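# Residue-level structural notes
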Amino acid sequence: MASLFAPRILPAYHLQLLFPGSCSTRGSPLRCVVPPLSCHARDLLDVMRHRDGSHGADGGRPPRTEEGGAGGNGAMARGGARREASVPVRQGGSPGVPRPWRRRDRVVLQERADRELQVKGWKGGPTRTAEQEGRREGKRWSRGRNGGMRAKESGKAGNLARGEGRGRENVSKNKKRAKGGENGVKLRVELDMCSKRGDVMGAIALYDSAVKEGIRLGQHHYNVLLYLCSSAALGFVQPAKSGNTGSGIASIGPICKPDMSPNGRLGDLQEDDKCEGNFKDQEGTDVDFLPSDDLKVQTVSIPVGNEIREYARTRGFEIFEKMCLDKERVQMSEAALTAKARMAMSLGNGDMAFEVVKQMKDLGITPKLRSYGPALTAFCNSGDVEKAFEVEAHMLESGVTPKEPELETLLRASVVARRGDKVYYLLHKFRTTVRQVSASTAELFEAWFRSSTASKVGKRKWDAGTVANSIKNNGGGWHGLGWLGRGKWTITRSNIDKNGVCLACGEKLSIIDLDPEETEDFATLVAKLAIKRERNLNFQNFQKWLEKHGPFEAIVDAANVGLFSHRHISLSKVNAVADAIRQRFPSRKWPLIVLHNKHLTGEHMKKPSNHKLVEKWKQESCIYATPTGSNDDWYWLYAAIKCKCLIITNDEMRDHIFQILEEDFFPKWKERHQVHFTFEDGCVTFQMPPPCSVVIQELESDKGHWHIPVSREGLLERERTWLCVTRRNLQAQ
């Protein structure tokens, strides 16, 4: 654009028009520098007929383009190209002496014209060059009877200045659109960086600047802004790129932990204690009990002062309202609604936070686990246990399963509220959902069982036969009939010996496995899923083979074993594991070795030792090579379920194919049937299934005892800590 307003050297015949008598064209070429002309003056010069009296055959016709057509005015449709086309062709190579335009004269267009057209092509469609624009515009113009100026086919007088104005206006609009898109991308990058740094004030400043400059905000812009504002409103900011944090209530952040000592508030609950829904810290001040900081999903948190909290919350609601006003252009998102619920939680308004989740269904948005965290936490902080469990019920209705952080939050509220019925309900929710509890949850259970309230809740009368039948019907390990008996509890941290006996109380823990009907249903489910995903009749052929050569006492995941500490499969390791496990069985029958057929071809099969091993397995009918295109996981999983036997593998079965299985069936089956292995000094060592089920248990005796396993990574089962909870003096009638 700067070139349009720079001083311009004009040909002599133009100078004569503007300054008659002041310039001479005789002698040496004369050039004068004049101030920039107005747009209208430049347009007039561009289309002016030559005044040297020599028009030639074409008279006053406009210049022709490279195509030789009357496209000069077509080139005028884009400003820079039009002005360049108007420069006269020099006569005989003499500078400064113009001559009329002739047929087939070539016109060199400015590169800037093409760049301006590329802007249009980038925003609105395919890019056209200036020449193509010339041909396109030339078709819209027709030659007048007397030549010279052109008129549009519509019959109106051709107003080139107006046409040029429209061209410049369109280019200007396109450039504005392009600039707006570039600004939107730049804003997104800068907001992401603010989120990554946890810079809420910087993000708000970017928002104010964008609104002032008229930059349109998209869904992502609003999501990041609302995430930062809602986090700051809670008193902290967790740096997370693009506003992504952990799922569920774990994303709400760190909290202060209650005093879990025997003399602490939770350990000394009395009937006359007031239930305020808060804990007391060591200085006696109230502390909200949000989720524990021992959760697995935690990030570094940046504390925020009270003034910034208030400001961020106010601006957050303002930004959310702005997003609602743009609802026709910006689609509402789950992330934005969850951010509003978080800001409502910062006000202690659980009803507003819960209402936000309820509105998601009306908007066609599926709530996530994190969507319920603000309402659940707000109600638990205020001590409103009933509404907190209403949130949990709504979660289950929406197909959202609460995880340990959500259950732990409910447990805290129930313990403080002295709600024995809710604590009992949550014990069984932990049993079915979590199985082993975290260290922070174990501390909460200890606090509950030490309280005086826990010693006073329970049935004084019950029928031992009814309890035994309930345990049997449930598959062992629990009866679900409520608290049995009354009296103070004794809580001991203990271990379980190799026979499944508690070292503290001497009770034998139960082995909870699938019953025959559940096993058959589980095998049918796996077969149905495998057949749906396998090619042709591959899996059905395996089922027939298994019926003929089975059952087996163990299955070996040969790929997992053979690739243990190796880049290429080792068949000798597979043979060592198979031979070691069969020595544990009285029958000494070889286990079934499931291996993909790709591992039975290649250079390694040229070794005589490998070839000999495969032939031996074939003679024993203990190897099955899964065909090309098949997933061998389906084969060894189905065989282990169908044969009700062990599966030797270190695969933790967390892949997507295992995630689609029934949550109730699969964990119980895996715990009782998986055998881990390792190699030590060339010898195979097995880690057999635990002697009891590692899950919360109500003992099969009628004493109402509880055993709660504590989750710890990387420990052997004999080293696992269990909470042994028994009555000191059982009061029953």
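Use the structure listed above.
Residues numbered from 1 in each chain as written. Predicted model: local features only at pLDDT ≥ 70, side-chain atom pairs only at ≥ 80, totals over all residues. Heavy atoms only, no water.

Our next topic: the overall build of the protein. Secondary structure summary: the protein contains 27 helices and 20 strands in total. Relative to all contacts within the protein whose residues are 6 or more apart in sequence, the contacts with residues 24 or more apart total 70%. Carbon and sulfur atoms form 49% of the exposed surface of the protein, whose accessible area is close to 37200 Å². (Helix = DSSP H or I, 4+ residues; strand = E, 2+ residues; numbered from the N terminus. Contact = heavy atoms within 4.5 Å. Areas by Shrake-Rupley, 256 points an atom, 1.4 Å probe, with all protein chains shown as cover.)

Running from amino to carboxyl end, helix α9 (residues 219-233) crosses helix α10 (residues 306-325) at an angle of 155 degrees, the nearest separation of the two axes being 8 Å. As far as their axial angle goes, α10 and α9 are roughly antiparallel. Regarding α9 and α10, the two cross each other, and that crossing is left-handed. Residues Q219, Y222, N223, L225, L226, C229, A232 and A233 of α9 touch α10, and the partners they reach there are R309, A312, R313, G316, I319, F320, K322 and M323. Across the contact of α9 with α10, the residue classes tally to 10 nonpolar, 3 polar and 3 charged. (Axes fitted to C-alpha atoms, helices over the stretch in contact; angles between N-to-C directions. Parallel < 35°, antiparallel > 145°, perpendicular 65-115°, else oblique. Left-handed = near helix turned anticlockwise from the far one by under 90°. Nonpolar A, V, L, I, M, F, W, Y, C, P; charged D, E, K, R; others polar.)

Applying the stated criterion to the full structure yields 19 salt bridges. As a salt-bridge pair, D421 and R419 come within 3.3 Å of each other at their nearest N and O atoms. Judged by relative accessible area, which is 45%, D421 ranks as partly exposed. What you see here is one network of salt bridges that share partners, running through D208, R315 and E318. (Salt bridge = Lys/Arg side-chain N within 4 Å of Asp/Glu carboxyl O. Buried < 20%, exposed > 50% of the residue type's maximum accessible area, 1.4 Å probe, protein only.)

Quick look at the packing of helix α12 (residues 350-362) against helix α13 (residues 369-382) now. Their axes nearest at 8 Å, the elements α12 and α13 cross at an angle of 155 degrees. Between α12 and α13, the interaxial angle falls into the category roughly antiparallel. The interaxial crossing formed by α12 with α13 has left-handed handedness. Seen from α12, the contacting residues are G350, D351, A353, F354, V357 and M360; seen from α13, they are S371, Y372, P374, A375, A378 and F379.

Strand order in the open sheet made by the 6 strands is β14-β13-β12-β15-β16-β17, with mixed pairing throughout. The open sheet has two free edges, formed respectively by β14 (623-626) and β17 (683-687), since each of these has just one partner strand. In this sheet, adjacent strand axes meet at a mean angle of 25 degrees when their direction is disregarded. (Pairing = 2+ DSSP bridges.)

The subject of this paragraph is the packing of aromatic side chains. Counted according to the given criterion, the structure contains 24 aromatic pairs. Summarising the aromatic geometry, the rings of F564 and F677 are spaced 5.3 Å apart at their centres and angled 55 degrees between planes, so their arrangement reads as tilted. Within this pair, whereas F564 is found in the loop between α22 (558-562) and α23 (571-582), its partner F677 is found in strand β16 (residues 674-680), the two being separated by 113 residues in sequence. In this structure F564 comes out as partly exposed when scored by relative accessible area, which is 23%. Using a relative accessible area of 5% as the deciding quantity, one classes F677 as buried. With 5.6 Å between their ring centres and 45 degrees between their planes, F564 and F679 make a pair best called tilted. (Phe/Tyr/Trp six-rings, centres within 6.5 Å; stacked < 30°, edge-to-face > 60°.)

By themselves, these observations are geometric and do not establish any function.
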